[in-house]
Amino acid sequence: MAVPRAKTSKARTRRRRSVNMRLEAPQLAKCGNCGNLVLSHRVCPKCGFYRGRQVITPEVNG
């Protein structure tokens, strides 16, 4: 069985682990109706459309 020659340092261990713990930015897609950037498979909060249909009526803040 293989035995390590020296102790793996904390920095080396953490550097290796950190590669798999990266945070990724959410993938945004353009709304087909208004062009607003929205998360995939979500209703557009600006116009209320999803897959070409009016799903909700957006609230007007003001």
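All chains use their own residue numbering, which begins from 1 and follows the written sequence. The predicted origin of the model limits local features to residues at a pLDDT of at least 70 and limits the giving and counting of side-chain atom pairs to 80 or more, whereas totals for whole chains, interfaces and linings rest on all residues. The side-chain values count all of the structure's non-hydrogen atoms but skip hydrogen atoms and water molecules.

**Thoughts on the overall build of the protein chain**
Then comes step 1: Per the convention used, a helix needs a DSSP run of H or I reaching at least four residues, while a strand needs a run of E reaching at least two, with both numbered from the N terminus. The secondary structure content of the protein chain amounts to one helix and four strands.
Then comes step 2: Element order for the protein chain, N to C, with α for helix and β for strand: α-β-β-β-β.
Then comes step 3: The globule rule is 2.2 Å times the number of residues to the power 0.38, and the radius of gyration it is compared with is taken over C-alpha atoms. The globule rule puts the C-alpha radius of gyration for 62 residues at 11 Å, and the 23 Å found for the protein chain is more than 25% above it.
Then comes step 4: C-alpha extents for the protein chain along the principal axes are approximately 65 × 30 × 15 Å.
Then comes step 5: The buried label goes to any residue with under 20% of its type's maximum accessible area, the exposed label to any with over 50%, and the partly exposed label to all in between, with areas taken from a 1.4 Å probe on protein chains only. Every one of the 62 residues in the protein chain was classed for burial, and the buried ones make up 10%.
Then comes step 6: Within the protein chain, counting contacts between residues at least 6 apart in sequence, those at least 24 apart form 0% of the total.
Then comes step 7: On the protein chain, roughly 6300 Å² of surface is accessible, and the fraction owed to carbon and sulfur atoms is 52%. The contact definition used throughout considers only heavy atoms, calling two residues in contact when any of these lie within 4.5 Å. Note on areas: Shrake-Rupley with a 1.4 Å probe; residue coverage comes only from the protein chains shown.

**Points about a nonpolar patch on the surface**
Then comes step 1: The patches reported here contain residues having more than 30% relative accessible area and no salt bridge. Joining distances are 9 Å for like charges and 5 Å for nonpolar side chains (Val, Leu, Ile, Met, Phe, Trp, Tyr). Note on definitions: salt bridges are taken to be side-chain nitrogens of Lys or Arg within 4 Å of carboxyl oxygens of Asp or Glu. Together, Leu28, Leu37 and Leu39 make up an exposed nonpolar region whose accessible area comes to about 270 Å².
Then comes step 2: Note that Leu39 resides in strand β2 (residues 37–39).

**Comments concerning the confidence of the model for the protein chain**
Then comes step 1: Known as pLDDT, the predictor's confidence for each residue is given on a scale from 0 to 100. Looking at the protein chain as a whole, its pLDDT mean stands at 89, while 97% of the residues score no less than 70.
Then comes step 2: The lowest-confidence element of the protein chain is strand β4 (residues 53–54), averaging 90 in pLDDT; the highest-confidence one is β2, averaging 94.

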